[in-house]
Amino acid sequence: MRESYQLDPALETQDEEDRQDYLESKLRSTVALLYREAPRVKRLLDSAGIPPAQFGLKDLRRVPITRKDALSSMQTEEPPLAGFLAGPVGRLQRLFASPGPTYVPQGPASDYWRFGMAFAATGFRPGDVVLNTLSYHLTPGGFMLDSGLRSLGCVVIPAGTGQTDLQVRTASALQATGYAGTPSFLRTLVLRARELNVPLRFEAAFATAEMLPESLRQELEGFGIRVLQGYATADLGVLAYECSQKNGMHLQPECIVEVLDLETGQPAQPGQPGQVVGTTFDDSYPLLRFATGDIAALAPPGGCPCGRTAPRLKGLLGRVGDAVKVKGMFVRGSQMDEVMKQFPAVARFQAVVTREEQQDHLLYLVELAPGASTDTALLERIAESLRDVVKVRGEVQVAQPGTIGDGAKKIDDRRVWK
Ligand SMILES: [Zn+2]
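Residues numbered from 1 in each chain as written. Predicted model: local features only at pLDDT ≥ 70, side-chain atom pairs only at ≥ 80, totals over all residues. Heavy atoms only, no water.

(A) Examining the overall build of the protein chain more closely. Helix and strand counts for the protein chain stand at eleven helices and 20 strands. Relative to its length of 418 residues, the protein chain is compact, with a C-alpha radius of gyration of 22 Å against a globular reference of 22 Å. For the protein chain, the spread of C-alpha atoms along the principal axes amounts to about 65 × 55 × 45 Å. A burial count over the protein chain gives 54% of its 418 residues as buried. Expressed as a percentage of contacts within the protein chain between residues at least 6 apart in sequence, the contacts between residues at least 24 apart total 66%. (Helix = DSSP H or I, 4+ residues; strand = E, 2+ residues; numbered from the N terminus. Rg over C-alpha atoms; globule rule 2.2 N^0.38 Å. Buried < 20%, exposed > 50% of the residue type's maximum accessible area, 1.4 Å probe, protein only. Contact = heavy atoms within 4.5 Å.)

(B) Structural detail: the coordination of the zinc ion. Around the zinc ion, the protein contributes the donor atoms Cys 243 (SG), His 250 (NE2), Cys 304 (SG) and Cys 306 (SG), at 2.1 to 2.2 Å from the metal centre. All donors of the zinc ion come from a single chain, and their spacing in sequence reads C-x6-H-x53-C-x1-C. Taken as a pair, His 250 in strand S10 (residues 249-251) and Cys 306 in the loop between strand S13 (290-298) and strand S14 (312-319) lie far apart in primary sequence, 56 residues in all. Looking at Cys 306, the relative accessible area reads 15%, which means it is buried. (Donors = N, O, S within 2.8 Å, 3.2 Å for Na, K, Ca; no water.)

(C) Main features of the domain arrangement of the protein chain. Looking at the protein chain, the domain boundaries give domain 1 (16-321) and domain 2 (326-413). When each unit is reduced to the centre of its C-alpha atoms, the spacing between domain 1 and domain 2 is 30 Å. Taken together, the contacts link 15 residues of domain 1 with twelve residues of domain 2. Roughly 1,100 Å² is buried in total at the junction of domain 1 and domain 2, and carbon and sulfur atoms are behind 48% of that figure. Here domain 1 is connected to domain 2 by one salt bridge. Residue Glu 357 pairs with Arg 187 through a salt bridge whose shortest N-O separation is 3.3 Å. (Domains from an automatic or database assignment. Buried area = accessible area lost by both parts, 1.4 Å probe. Salt bridge = Lys/Arg side-chain N within 4 Å of Asp/Glu carboxyl O.)

(D) Structural context of the pairing of strand S9 (residues 237-242). Where burial is concerned, most of S9 is hidden: six out of the six residues are buried. Two strands pair when backbone bridges link them, and strand S8 (residues 226-233) and S9 are joined in this way by four bridges, in the antiparallel orientation. Bridging across to S9, Gly 230 finds its partner in Tyr 241. In this antiparallel pair of consecutive strands, S8 and S9, the connection spans three residues. Bridging between S9 and S10 involves three bridges; their strand directions are antiparallel. Of the residues in S10, the one forming a bridge with Ala 240 is Leu 251. In sequence, S9 turns back onto S10 through a hairpin of six residues, with Lys 246 there showing a positive phi of about 55°. (Pairing = 2+ DSSP bridges.)

(E) View of the packing of helix H1 (residues 16-37) against helix H2 (residues 39-47). The geometry of H1 relative to H2 is characterised by a closest axis approach of 6 Å and an angle of 110° between their N-to-C directions. Of the possible angle classes, the one that applies to H1 and H2 is roughly perpendicular. Here H1 contributes Val 31, Leu 34, Tyr 35 and Glu 37 to the contact with H2, which in turn contributes Pro 39, Val 41, Lys 42, Leu 45 and Asp 46. (Axes fitted to C-alpha atoms, helices over the stretch in contact; angles between N-to-C directions. Parallel < 35°, antiparallel > 145°, perpendicular 65-115°, else oblique.)

(F) Seen up close, the sheet that holds strand S20 (residues 411-413). Strand order in the open sheet made by the four strands is S19-S18-S17-S20, with mixed pairing throughout. The open sheet terminates on both sides in strands that have one partner only, identified here as strand S19 (395-398) and S20. With strand direction ignored, the average angle separating the axes of adjacent strands in the sheet is 25°.

(G) Quick look at the environment of Asp 412. Turning to its location among the elements, Asp 412 is positioned in strand S20. A relative accessible area of 17% means that Asp 412 is categorised as buried. The sequence separation of Asp 412 and Thr 354 amounts to 58 residues, and the corresponding C-alpha distance is 8.7 Å. Contacts of Asp 412, omitting those with residues within four sequence positions, involve Gln 350, Ala 351, Val 352 and Val 353.

(H) Spatial organisation of the layout of surface pockets. Reported here for the largest pocket is a volume of approximately 1,200 Å³. Lining the largest pocket are 46 residues, and of these Ser 135, Thr 161, Lys 327, Gly 328 and Met 329 sit closest to its centre. Mapped onto the lining of the largest pocket, the elements with two or more residues apiece are strand S2 (94-98), helix H6 (141-151), helix H8 (183-196), S8, S13, strand S16 (329-332) and strand S18 (359-368). When the residues that make up the lining of the largest pocket are grouped by side-chain class, the tally is 18 nonpolar, 17 polar and eleven charged. Lining the lining of the largest pocket are residues from two domains, each supplying at least three of them: domain 1 (16-321) and domain 2 (326-413). (1 Å grid on protein atoms, 1.4 Å probe; cavity = no way out; pocket = protein on both sides within 12 Å on 5 of 7 lines; lining within 4 Å. Points joined across faces, edges and corners; volume = space filled by probe spheres on them. Nonpolar A, V, L, I, M, F, W, Y, C, P; charged D, E, K, R; others polar.)

Spelled out as structure tokens, the structure:
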């Protein structure tokens, strides 16, 4: 197992004063750019009475947050990107659709989502062959990891999702030493490789897009794979990543991450949970105070033996509002509402998320209206419609009337992480 980690001396080891200066100068030029080019940001700053000139870190707290779950309707009223784009659409490399639905761009920068440092911290080096298993289809995950890996000089196998046996054989034949994707799929590949008696050479893995329970990390490490995780969102790119100490995730130094108390909106104390709010400085689609809906806590300040000086997130604790992440994708109650209202035979429904064998399972319980008959064709049609909208495969099951109580949660997340 490899022990060396590349560290960016200019950005990852700067002291607090240098960090503040660096972020302030980035913020100042970003706000000037947005004020000029992005109509929604101009309106936002004008209505909050914040002059864009000489904008500093202390001014950031006065900028109203933009909630991820409001983005979809903002994009509908101001297509394509809600007035947040700085410059013409023609400068972009790609446009993606994530469930929700929300649309996100990939700007012209080569490592647009800033993954390079995160992969270096994982132990990836130039020339490593890495199997990338996030989807390249419509959603940005695959390209997010792909561009970061290539910026580091890694060779990417763009595997995407599914086709487990083919992925096992391909990773083996091409002698991949790195893996990037969800930790549960890594486990699936490793176990399947054993069944097929196909050798895999994975040494380092970057885990993202879902929780990494310590039990799963230990199981994967038992196969000789070093597993470190990163936290990213489709809108903001990577926000934090682990170092070899595995004591939380260092904030990515080229963005500002705030953790805001869920009730007061003020900065949460270290150790206290709050919503993760990110500010990024890309020159095509920078976001000011974008509220992710993720809940996390900052670790108490203090140095890290790895040499990185950025504060650390202790870990993710859940979601604000109605979205739950299942198999790496957000599932929302509102998406299910949209589907179920097409089926008058469904009186009530609830999604139940469980975890077995380190895999997420999504079950939809439906209570049928009086007189509606239980036919398999109906259940299949419901399952198919849900899959189109929610994008995560789930099983539909008829429940006895009264199973789903009044005021029951639309998504009952029964997973326990240990
Ligand atoms: Zn560290």
